Amino acid sequence: MLAKPTDTRPWERTQPLPARDRVRAQAISAIPRWYNPWGHLAFPSLVGLGFITAALSLLDAPTSAEWLTVPIVLVLVNFHEWNVHRNMLHRRMWPLEVLFWRHTPEHHVIFVRDDMAMRATREFRLVLIPFYGILAIFLATLPITAGLWFLASRNVALLWVASTMGYVVAYEWLHLAYHLPESSPIGRSRAIRRLRRHHAMHHTPELMQRWNFNVTVPLADWVLGTIYRGRSV
Ligand SMILES: [Zn+2]
Ligand SMILES: [Zn+2]
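In short, a report on the structure. (Residues numbered from 1 in each chain as written. Chains lettered and ligands numbered in written order. Predicted model: local features only at pLDDT ≥ 70, side-chain atom pairs only at ≥ 80, totals over all residues. Heavy atoms only, no water.)

This part covers the packing of helix α1 (residues 17-29) against helix α5 (residues 97-110). Following both chains from N to C, one finds α1 and α5 inclined at 115°, their axes separated by 9 Å at the closest point. Crossing hand, α1 versus α5: left-handed. Each of Arg-20, Val-23, Arg-24 and Ala-27 in α1 lies in contact with α5, whose residues at this interface are Pro-105, Glu-106, Val-109 and Ile-110. (Axes fitted to C-alpha atoms, helices over the stretch in contact; angles between N-to-C directions. Helix = DSSP H or I, 4+ residues; strand = E, 2+ residues; numbered from the N terminus. Left-handed = near helix turned anticlockwise from the far one by under 90°. Contact = heavy atoms within 4.5 Å.)

Structure, rendered in structure tokens:
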């Protein structure tokens, strides 16, 4: 991964609604006609739940030490989420610059702290990671899976797959939930309201490059001191 110097200042201020609407209209017009938002949500969900079911059904009498794989992996992935969000989604990083362009100048311009809600289901496209993302993550982490299989145990490798896939699905569902209308049944729930506040603060363009990088549970933000505690901008 090669970091490219990136001046993000043009995006670090809240743009007036007409300018944000222009970016929104442009992003929506780039969505192919065949795009199906429910398919986009269902694919990673079914793939993820499928991997979890398969991995758990292949377990062979795991010991309690092996079960510890689950909390350890969830914590490590939480820090990884913080790192990827801060350093790849908010900075241009070759060869995955597309992540930056879809996130900082698009997702962050369209959705701001006081205007977080999607206006139509087609806007799932502006929130969810690409549909093949979960498969790409499974494939990219296969060397780790294989390493755990041979160096630790088959059970540890299977629990690693179940934990990482579970994390990806949770990321997708939670992020989508934060961008639902606040008045929707999911948007109204207490847990989502709390977590949305954390993510919505990150959607303040003036703060996005420095604060609130966790999208799921703000554990790494808490440990690393990047929870924004100042007054809103
Ligand atoms: Zn968001
Ligand atoms: Zn961000």
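A cluster of basic residues, Arg-190, Arg-193, Arg-194 and Arg-197, forms a positive patch on the protein surface. Secondary-structure assignment places Arg-190 in helix α10 (residues 190-202). Residue class for Arg-190 comes out exposed when judged on its relative accessible area of 70%. (Patch = residues over 30% accessible without salt bridge, like charges linked within 9 Å, V, L, I, M, F, W, Y side chains within 5 Å. Areas by Shrake-Rupley, 256 points an atom, 1.4 Å probe, with all protein chains shown as cover. Salt bridge = Lys/Arg side-chain N within 4 Å of Asp/Glu carboxyl O. Lys, Arg positive; Asp, Glu negative; His and termini not counted. Charge placed at Lys NZ, Arg CZ, Asp CG, Glu CD. Buried < 20%, exposed > 50% of the residue type's maximum accessible area, 1.4 Å probe, protein only.)

Core analysis: the biggest nonpolar cluster contains 17 residues, and Ala-55, Ile-134, Val-161 and Met-165 have the highest contact counts within it. Of all elements in the fold, only α2 (37-57), α4 (69-89), α6 (133-140) and α8 (154-178) reach the threshold of two or more residues within this core. Here this core takes nine residues from α8, the largest share from any one element. Core analysis: the next-biggest nonpolar cluster, separate from the first, contains twelve residues, Ala-27, Ile-110, Phe-124 and Leu-128 among them. (Core = buried A, V, L, I, M, F, W, Y, C linked by side-chain atoms within 4.5 Å.)

By definition of the ideal shapes, four donors in a tetrahedron about a metal sit 109.5 degrees apart, and six donors in an octahedron sit 90 or 180 degrees apart. Coordination of the zinc ion (ligand 1) by the protein is provided by His-107 (NE2), His-175 (NE2), His-179 (NE2), His-199 (NE2) and His-203 (NE2), with metal-donor distances spanning 2.1 to 2.2 Å. As a motif over one chain, the donors of the zinc ion (ligand 1) read H-x67-H-x3-H-x19-H-x3-H. Remark: His-203 occurs in the loop between α10 and α11 (219-223) and His-107 occurs in helix α5; sequence separation between them is 96 residues. For the pair His-107 and His-203, a shared accessibility class is recorded, and that class is buried. (Donors = N, O, S within 2.8 Å, 3.2 Å for Na, K, Ca; no water.)

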